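Working through the structure, step by step
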Amino acid sequence: MFSLKIPQNLKVSRTAKYHNVLNPDNKYRLSLCVLCGLLLIYNLSVLSCERPEHSRADVALGTVCTVTLFDQGKSSIYNDIFKRISEIENLMSVRIPTSDISRINAAAGIKPVQVHEETFKVIKRAVYYAELCGGAFDPTIGPLVSLWGFYNDNPRIPSQEEIDIVLPLINWRNIELDPETNSVFLTQHNMTLDLGAIAKGYAADESARIAREAGITAAIIDLGGDIMLLGVKKDKSLWKVGLQNPDEDQGFTIGYLQIPESSVVTSGVYERFFIEEGIRYHHIFQPSDGYPVNNGLLSVTIIAKNSMDADALSTAAFVLGYQKGRVLIESLPSVEAVFIFQDYTIRTTTGVNLVITDKSFNLLTTELHRVF
Ligand code: ADP
Ligand code: MG
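Residues numbered from 1 in each chain as written. Chains lettered and ligands numbered in written order. Predicted model: local features only at pLDDT ≥ 70, side-chain atom pairs only at ≥ 80, totals over all residues. Heavy atoms only, no water.

Within the protein, Ala197 (O), Asp311 (O), Asp311 (OD) and Thr315 (OG1) serve as the donor atoms for the magnesium ion (ligand 2), at 2.1 to 2.7 Å. Expressed as a motif, the donor residue spacing for the magnesium ion (ligand 2) is A-x113-D-x3-T. Taken together, the residues alanine 197 in the loop between β5 (183-186) and α8 (199-213) and aspartate 311 in helix α9 (residues 307-320) connect sequence positions 114 residues apart. (Donors = N, O, S within 2.8 Å, 3.2 Å for Na, K, Ca; no water. Helix = DSSP H or I, 4+ residues; strand = E, 2+ residues; numbered from the N terminus.)

What follows is the structure, encoded as structure tokens:
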């Protein structure tokens, strides 16, 4: 756990002091009682008056979620945000047997399942994006993710026969949605939904909503790389967001984006992968052939107003590849993209403000875009 809950830490350290004071020595008993009473009152007052917390991190949605609230980051707001993230995980995780998604999957080919209206809303949005990008993004990808062993963290290369059996199950058109009853039906046996490419974005949007409603004027919400920048910094300058070097460990950046309040989400080859005989196999699949996407891209970063859209679009554009992906992104208002290629070139849509600091990467200009 990466819990950085400051009031709890304070409590722990003061409890330790308290135990020291209780060393047995009779002549100090009275003063110890007074001191203990004072410490107790002090502890209670510390716990009851809310202190600002700079940042809090915890593991949720299968990743490390870090929330930084500026100015008035009270513990209760952090609590509300992390509670919300956990609620969303409990509804939408494919790894939690009681989640709405697991219940839908268990009833595939059998019967429709009534779900929470939020789950319904996210599935509906996932289907919308599946249709928009012609199935490159497909929330019925579950059987492939499972076959390649990414659910049990024991990945392996399946045989072509295994892939061929699973491929017909990947088809978003076989999701039936009933908005009257919030019911979802997967029409084929063994179909499974997987919202891994969109649910984190929804959780980031919900976290931002809670922060906003609590009066927070500036915040960074980072749900394992799905980043939501809220409000305006004190000095009114643009936010700077580091772009992960897709070929390096976490934390190595190739440069940074300068942006106003927005969401920044990346899909890439580096989040979950294994290497066999020098080939990298990662967790984002090409629904048409059942293999990890291999189209010359290392990552796609999307900048958009809303994190759920940015999340779905980063996966969609990554699967579509540069040419089709760029056409899709350019067709959407207020959405921008950064494409990083295996040859260390970078191409962006026209509205991106990107500063490259790692000179091994080469940002191609807008003029060069027209060549493609
Ligand atoms: P990350 O979760 O690493 O930030 P993504 O948002 O791209 O990256 O989501 C990847 C996850 O989405 C995979 O782990 C898998 O659960 C699911 N997924 C993989 N391929 C696809 C696809 N073509 N369409 C929709 N979801 C996918
Ligand atoms: Mg995504």
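Below, the discussion takes up the site of ligand 1. Taken together, 19 residues lie around ligand 1, and Asp194, Ser267, His283, Phe285 and Thr315 are the ones closest in. Interatomic distance of 3.0 Å between a backbone N/O atom of alanine 136 and a nitrogen atom of ligand 1. Protein burial of ligand 1: of its 570 Å² of free accessible surface, 94% is covered by the chains. Among the secondary structure elements, those contributing two or more residues to the shell around ligand 1 are β10 (262-268) and α9. By residue number, the principal contributor to the shell around ligand 1 is α9, which donates three residues. Residue composition of the shell around ligand 1, by class: nine nonpolar, five polar and five charged. Here the shell around ligand 1 gathers at least three residues from each of two domains, domain 1 (95-186) and domain 2 (238-372). (Near = heavy atom within 4 Å. Polar contact = N/O pair within 3.5 Å; in protein donor to acceptor, adjacent residues only side chain to side chain. Areas by Shrake-Rupley, 256 points an atom, 1.4 Å probe, with all protein chains shown as cover. Nonpolar A, V, L, I, M, F, W, Y, C, P; charged D, E, K, R; others polar. Domains from an automatic or database assignment.)

Moving on to the pairing of strand β12 (residues 279-282). Where strand β11 (residues 273-276) and β12 come together, four bridges link them in antiparallel fashion. What sits directly across from phenylalanine 273, in β12, is histidine 282. Two successive antiparallel strands, β11 and β12, enclose a turn made up of two residues, where glutamate 277 displays a positive phi of approximately 45°. (Pairing = 2+ DSSP bridges.)

On to unusual backbone geometry, then. With a phi close to 65°, lysine 236 is a non-glycine residue in the positive phi region. Within the secondary structure, lysine 236 is located in the loop between β7 (226-231) and β8 (239-244). In this model, serine 334 sits at a positive phi of 60°, which is unusual for a non-glycine residue. For serine 334, the location among the structural elements is in the loop between α10 (322-330) and β14 (336-341).

This part covers the sheet that holds strand β6 (residues 218-223). Reading across the sheet, the nine strands line up as β1-β2-β6-β7-β10-β13-β14-β15-β17 and stay open at both edges, with mixed pairing between neighbours. Both edges of this open sheet fall to β1 (55-60) and β17 (362-363), since each of them pairs with a single strand only. Across six bridges, β1 lies against strand β2 (residues 63-69) in antiparallel orientation. Opposite serine 55, over in β2, you have threonine 68 as the bridge partner. Its contacts with the sheet put helix α3 (residues 75-92) on β1, β2 and β6, and the angle it makes with β1 is roughly 15°. Contacts between α8 and the sheet are confined to β2, β6 and β7, with β7 contributing the most and set at about 20° to the helix. (Contact = heavy atoms within 4.5 Å. Axes fitted to C-alpha atoms, helices over the stretch in contact; angles between N-to-C directions.)

On to α3, then. Between its terminal C-alpha atoms α3 stretches 26 Å, which fits the 26 Å expected from 18 residues at 1.5 Å a residue. Among the residues of α3, those classed as buried are Ser75, Ile77, Tyr78, Ile81, Phe82, Arg84, Ile85, Ile88, Glu89, Leu91 and Met92. (Expected span 1.5 Å × (residues − 1). Buried < 20%, exposed > 50% of the residue type's maximum accessible area, 1.4 Å probe, protein only.)

Attention now moves to the layout of surface pockets. Over the atoms, a rolled probe matching the size of one water molecule traces out where space is still vacant. Taken as a whole, the second largest pocket spans an internal volume of roughly 330 Å³. When residues of the lining of the second largest pocket are traced back to their parent elements, those giving at least two are β12 and β13 (297-304). The element that contributes the greatest number of residues to the lining of the second largest pocket is β12, accounting for four residues. For the lining of the second largest pocket, the class distribution of residues is nine nonpolar, five polar and three charged. (1 Å grid on protein atoms, 1.4 Å probe; cavity = no way out; pocket = protein on both sides within 12 Å on 5 of 7 lines; lining within 4 Å. Points joined across faces, edges and corners; volume = space filled by probe spheres on them.)

For the structure shown, the criterion picks out eleven aromatic pairs. When the ring of phenylalanine 150 is compared with that of phenylalanine 285, the centres are 6.0 Å apart and the planes differ by 65°; the resulting orientation is edge-to-face. Pair noted here: phenylalanine 150 is in the loop between α6 (142-147) and α7 (160-166) and phenylalanine 285 is in the loop between β12 and β13, with a separation of 135 residues, a long-range link. Look at phenylalanine 285 and you get buried, because its relative accessible area is 4%. Look at phenylalanine 274 and tyrosine 281: their rings are 5.3 Å apart centre to centre, the planes differ by 20°, and that puts the pair in the stacked class. The buried category is assigned to phenylalanine 274, whose relative accessible area is 10%. Between arginine 280 and the ring centre of phenylalanine 273, over which it is positioned, the NZ or CZ distance is 4.3 Å. (Phe/Tyr/Trp six-rings, centres within 6.5 Å; stacked < 30°, edge-to-face > 60°. Lys NZ or Arg CZ within 6 Å of the ring centre and 35° of its normal.)

An ideal rise of 1.5 Å per residue puts 21 Å on 15 residues; α8 measures up with 21 Å between its terminal C-alpha atoms. Here α8 lies mainly inside the structure; twelve of its 15 residues are buried. Within α8, burial applies to Ala199, Lys200, Gly201, Tyr202, Ala203, Ala204, Asp205, Glu206, Ser207, Ala208, Ile210 and Ala211. As for α8, its buried residues are in contact with β2, α3, α5 (117-132), β6, β7 and α9. Among the residues trailing α8, glycine 215 stands out with phi positive, at a value near 90°.

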